[in-house]
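Chain by chain, the residues run as shown.
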Amino acid sequence: MTFPQTPSPKPRILAIANQKGGVGKTTTAINLGTALAAVGEQVLIVDLDPQGNASTGLGVTRTSQMRSTYHVLVGEAQLHHVVVETGIPRLDCAPSTMDLLGAEIELSDMERKTYRLADAIGILSGQTGLGYTYILIDCPPSLNLLTINSFCAADAILVPLQCEFFALEGLSQLLKTVERVRASLNPRLVIQGVVLTMFDRRNSLSEQVAQDVRGVLGEKVYETVIPRNVRVSEAPSYGKPVLLYDNTCIGSQAYIRLASEIIRREKELRAA
Ligand code: ADP
Ligand code: MG
């Protein structure tokens, strides 16, 4: 007698994107992922940056022989074949390798070149036993074909914005790209929210930037602000999320609050 297979729940797919480098994308992917896993979500972090900081920051050792998101995108491996456990309960990682640097050129003449990741996640979601509830995609600092693949796969985008003078510069380009993808490639795409990162209380500029950004983007900006915190920047060199490195520091506490705000927003988006 055969039993019908129970389909896995459909994961919520969030692309963490900003074409600026050093704004806190990877830090947010790692620590938001860890905070979501800590409250019982089943999380997969997909590393789409050739630099692989999300992979190494989660303690995944990268080797040139390993199969990575590159192999998934070019069709040489299925996503579940490259997924590795991180040692953190309920948190897995699909690592990247330097091969990804060449992926854009290779993908450019492939079929469904913007949907390679979406298709791979679709197959993964059909696999029983891999019931991810959240998939976070750590994007490279660019609006290239890798990022477009993440926008085509995602339900929503999360934008980390660093509290510095030119915070809003470049954002209009990002928003235009999102509009274009929504109009032609992925009609369900929305901006989940904008998270202010590296906020420095002692610096009045940080406060000014935060006010300006809220003035322009309104409720799209999360209430939670991620403070600049040395513990957050130390953690990756131990291959650990800051929540494991020091779960009481202000950076960890902020990522826990961000996770609950995101879960709340997800519920509202789903109900809408
Ligand atoms: P991106 O992925 O956007 O390039 P990262 O997440 O790698 O940015 O962050 C850039 C640098 O800033 C890293 O060295 C990281 O450790 C550091 N960093 C990120 N967030 C914080 C924070 N809240 N406090 C202190 N340092 C941070
Ligand atoms: Mg990064």
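Within each chain, residues carry numbers counting from 1 in the order of the written sequence. Each chain gets a letter, beginning with A, and each ligand a number, beginning with 1, in the order they are written. Under the rules for a predicted model, residues below a pLDDT of 70 receive no local features and side-chain atom pairs below 80 are neither given nor counted, while totals for whole chains, interfaces and linings still include all residues. Side-chain figures throughout are based on the complete set of non-hydrogen atoms in the structure, without hydrogens or water.

Novice: Can you help me understand the sheet that holds strand E7 (residues 190–199) in this one?
Specialist: What holds strands together in a sheet is hydrogen bonding between their backbones, with the strands either parallel or antiparallel. At least two bridges found by DSSP between two strands is the condition for calling them paired. Helix and strand assignments follow DSSP, with helices taken as H or I runs no shorter than four residues and strands as E runs no shorter than two, numbered in order from the N terminus. Judged by pairing direction, the sheet is mixed, and its eight strands sit side by side in the order E3-E4-E2-E5-E1-E6-E7-E8 without closing on themselves. The outermost strands of the open sheet, each flanked by one partner alone, are strand E3 (84–85) and strand E8 (221–227). As paired elements, strand E1 (residues 12–16) and strand E5 (residues 134–138) share five bridges and run parallel to each other. Bridge pairing in E5 places arginine 12 opposite tyrosine 134. Throughout, a residue-residue contact means that at least one pair of heavy atoms, one from each residue, lies within 4.5 Å. Simply put, an axis is a line fit to the C-alpha atoms, just over the touching stretch for a helix, and the angle between two N-to-C directions goes from 0 to 180 degrees. Together, strand E6 (156–162) and E7 form the strand contacts of helix H8 (residues 171–184), whose direction differs from that of E6 by roughly 175 degrees.

Novice: Looking at this model, I keep getting lost on the site of ligand 1. Mind explaining?
Specialist: Here, proximity means that at least one heavy atom of the residue falls within 4 Å of the molecule or strand. Around ligand 1 there are 14 residues in total, and Gly22, Lys25, Thr26, Thr27 and Pro227 lie nearest to it. Two N or O atoms form a polar contact when they lie within 3.5 Å of each other; inside protein one atom must be a possible hydrogen donor and the other a possible acceptor, and for residues adjacent in sequence the pair counts only when both atoms belong to side chains. A distance of 3.1 Å is found between an oxygen atom of ligand 1 and a backbone nitrogen or oxygen belonging to valine 23. Within the backbone of asparagine 229, one N or O atom sits 2.9 Å away from a nitrogen atom of ligand 1. For ligand 1, the accessible surface in isolation is 550 Å², of which the surrounding protein chains cover 78%. Of the two site types, the cavity is a set of points on a 1 Å grid over the protein atoms alone where a 1.4 Å probe fits but cannot get out, and the pocket is an open set with protein on both sides within 12 Å along at least five of seven lines, each lined by residues with an atom within 4 Å of a point. Each molecule is checked against the cavity or pocket grid, and it sits inside if more than half of its atoms lie within 2 Å of the grid points. Judged by the proximity of its atoms to the pocket grid, ligand 1 belongs to the largest pocket. When residues of the shell around ligand 1 are traced back to their parent elements, those giving at least two are helix H1 (25–38), E8 and helix H10 (230–234). At three residues, the largest contribution of residues to the shell around ligand 1 is made by H1. When the residues that make up the shell around ligand 1 are grouped by side-chain class, the tally is five nonpolar, seven polar and two charged. Accessible surface area values rest on a Shrake-Rupley calculation with a 1.4 Å probe, where residue burial reflects the displayed protein chains alone. Residues are grouped as follows: nonpolar covers Ala, Val, Leu, Ile, Met, Phe, Trp, Tyr, Cys and Pro; charged covers Asp, Glu, Lys and Arg; every other residue, Gly included, is treated as polar.

Novice: What is the right way to read the layout of surface pockets from this model?
Specialist: Size it by volume and the largest pocket reaches roughly 520 Å³. Taken together, 31 residues form the lining of the largest pocket, with Gly24, Lys25, Thr26, Thr27 and Met198 sitting closest to its centre. Elements represented by at least two residues in the lining of the largest pocket include exactly H1, helix H2 (53–57), E7, E8 and H10. Per-element tally for the lining of the largest pocket: the top contributor is H1, with six residues. Here the residues of the lining of the largest pocket sort into 13 nonpolar, 14 polar and four charged. Grid points are joined across faces, edges and corners, and a volume is the space filled by probe spheres set on the points.

Novice: Explanation requested: unusual backbone geometry in the structure shown.
Specialist: Excluding glycine, residues mostly have negative phi values, and the peptide bonds linking residues are mostly trans. We note that arginine 90 has phi near 65 degrees; this positive angle belongs to a residue other than glycine. For arginine 90, the position within the fold is in the loop between E3 and strand E4 (91–94).

Novice: Before we go on, may I ask you to explain the nonpolar core in this structure?
Specialist: In this description, a nonpolar core means a group of buried Ala, Val, Leu, Ile, Met, Phe, Trp, Tyr and Cys residues linked to one another through side-chain atoms lying within 4.5 Å. Think of it in three bands: with a 1.4 Å probe and only protein chains considered, a residue is buried below 20% of the maximum accessible area for its type, exposed above 50%, and partly exposed in between. One finds Leu44, Leu79, Ile135, Ile137, Phe151 and Ile157 to be the most contacted residues of the largest nonpolar core, which totals 52 residues. The element best represented in this core is helix H7 (residues 145–153), accounting for six residues. With residues up to four places along the chain from it excluded, the contact list for isoleucine 157 reads Ala15, Ala17, Phe151, Val178, Leu189, Val190, Ile191, Gln192 and Gly193. Leu14, Ala54, Met66 and Tyr134 belong to the second-largest nonpolar core, a separate cluster that totals 31 residues.

Novice: Whenever I open this one, the pairing of strand E2 (residues 43–47) confuses me. Can you help?
Specialist: Looking along a regular strand, one sees the side chains alternate between the two faces of the sheet. In terms of burial, E2 is a largely internal element, five of the five residues being buried. Residue alternation in E2 divides its side chains into two sets, Val43, Ile45 and Asp47 and Leu44 and Val46, and both sets are buried. Sheet analysis places E2 next to E4, joined by four bridges and oriented parallel. Paired with leucine 44 across the bridge in E4 is aspartate 92. In the sheet, E2 pairs with E5 via five bridges, with the strands oriented parallel. Opposite leucine 44, over in E5, you have isoleucine 135 as the bridge partner.

Novice: Got a minute to help me understand helix H12 (residues 250–271) in this structure?
Specialist: Working note: α-helix, 3.6 residues per turn, so residues spaced by three or four point in the same direction. Here H12 is 22 residues long and its end C-alpha atoms lie 32 Å apart, about the 32 Å a rise of 1.5 Å per residue gives. Three or more residues of H12 are buried, namely Gly251, Ser252, Ala254, Tyr255, Leu258, Ala259, Glu261, Ile262, Ile263, Arg265 and Glu266. Multiplying one less than the number of residues by 1.5 Å gives the expected span of a helix.

Novice: Got a minute to help me understand the packing of H1 against H12 in this structure?
Specialist: The relative placement of two packed helices comes down to the angle between their axes together with the axis-to-axis distance. At a minimum axis distance of 8 Å, the contact between H1 and H12 shows a crossing angle of 75 degrees. Of the possible angle classes, the one that applies to H1 and H12 is roughly perpendicular. From H1, Thr27, Thr28, Asn31, Leu32, Ala35 and Leu36 reach across to H12, where they touch Tyr255, Ile256, Leu258, Ala259, Ile262 and Ile263. Looking at the contact of H1 with H12 residue by residue, the class counts come to nine nonpolar, three polar and no charged. Just so you know how the angles are binned, under 35 degrees is roughly parallel, over 145 roughly antiparallel, 65 to 115 roughly perpendicular, and the rest oblique.

Novice: Help me understand the packing of H7 against H8 in this model?
Specialist: It is the contact of H7 with H8, at a shortest axis distance of 10 Å, that shows an interaxial angle of 55 degrees. Relative to H8, the element H7 is oriented oblique. In this structure, the crossing between H7 and H8 has a hand that is right-handed. Mapping the contact onto sequence places Ile148, Phe151 and Cys152 in H7 and Leu174, Thr177, Val178 and Val181 in H8. The residue inventory of the contact of H7 with H8, partitioned by class, reads six nonpolar, one polar and no charged. Rotating anticlockwise by less than a right angle from the far helix to the near helix defines a left-handed crossing, while the corresponding clockwise rotation defines a right-handed one.

Bear in mind that shape data such as this cannot, by itself, settle questions of function.
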